[in-house]
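Single-letter residue listing:
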Amino acid sequence: MNDAIAYDMDDAVAAMEALHAALTFDLNELETKILALGHPVTAVPDPDNEDLADYYAARASLHSGLASIAEVLAWIQCKTEDDPEGDVAVAIQPLPTLRGCSIH
């Protein structure tokens, strides 16, 4: 595997970690705003309070993004554990493309 690919993978992991940190910061700020308005941070918003609907929609999106990033980073860690030398670029290969008829 060439060194450029290994370098690209390191950059990708660093970018994912930076994005995770940024989304975590945004989530903390959003939850602070919700609490400052005198409302609890619950999993389900109060249906009678339309003022907070956008905050809760943004909060759900941030949680979704954080979960997706965590899955990708966990997959990378799992695949690198398979490689005894810890070479990320060698351990991580793209998923195979399946050939066949599309159902759409």
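Residues numbered from 1 in each chain as written. Predicted model: local features only at pLDDT ≥ 70, side-chain atom pairs only at ≥ 80, totals over all residues. Heavy atoms only, no water.

Enquirer: Please provide a residue-by-residue account of the overall build of the protein, values included.
Expert: The number of helices and strands found in the protein is three helices and zero strands. When the helices and strands of the protein are read in sequence order from the N terminus, they spell out α-α-α. Per-residue burial over the protein gives 20% buried out of 104 residues. Considering only contacts within the protein whose residues lie at least 6 apart along the sequence, 53% involve residues at least 24 apart. As displayed, the protein offers around 7800 Å² of accessible surface, 58% of which is attributable to carbon and sulfur atoms. (Helix = DSSP H or I, 4+ residues; strand = E, 2+ residues; numbered from the N terminus. Buried < 20%, exposed > 50% of the residue type's maximum accessible area, 1.4 Å probe, protein only. Contact = heavy atoms within 4.5 Å. Areas by Shrake-Rupley, 256 points an atom, 1.4 Å probe, with all protein chains shown as cover.)

Enquirer: How would you explain the pattern of salt bridges if you had to name every residue and give the values?
Expert: Scanning the entire structure with this criterion turns up one salt bridge. The salt bridge partner of arginine 59 is glutamate 31, with a shortest N-O separation of 2.9 Å. Pair noted here: arginine 59 is in helix H2 (residues 53-82) and glutamate 31 is in helix H1 (residues 3-36), with a separation of 28 residues, a long-range link. (Salt bridge = Lys/Arg side-chain N within 4 Å of Asp/Glu carboxyl O.)

Enquirer: Go over the nonpolar core, please, and point to the residues and values.
Expert: In this structure, Leu23, Leu27, Leu30, Ile34, Leu52, Tyr56, Leu62, Leu66 and Ile69 together form the largest nonpolar core, which totals nine residues. Within the residue set of this core, elements represented by two or more residues are H1 and H2. Those residues in contact with leucine 52 that lie beyond four places of it in its chain are Leu37 and His39. (Core = buried A, V, L, I, M, F, W, Y, C linked by side-chain atoms within 4.5 Å.)

Enquirer: Tell me what's going on with the environment of isoleucine 34, and back it up with residues and numbers.
Expert: As for its placement among the helices and strands, isoleucine 34 is situated in helix H1. For isoleucine 34, a relative accessible area of 0% gives the class buried. What isoleucine 34 contacts, discounting residues up to four positions off in sequence, is His39, Pro40, Val41, Tyr55, Tyr56 and Arg59.

Enquirer: Lay out the confidence of the model for the protein with the relevant residues and their values.
Expert: Here the protein averages 76 in pLDDT, while 68% of its residues score no lower than 70. Ranking the elements of the protein by mean pLDDT puts helix H3 (residues 88-91) last with 54 and H2 first with 86. (pLDDT = per-residue confidence, 0-100.)

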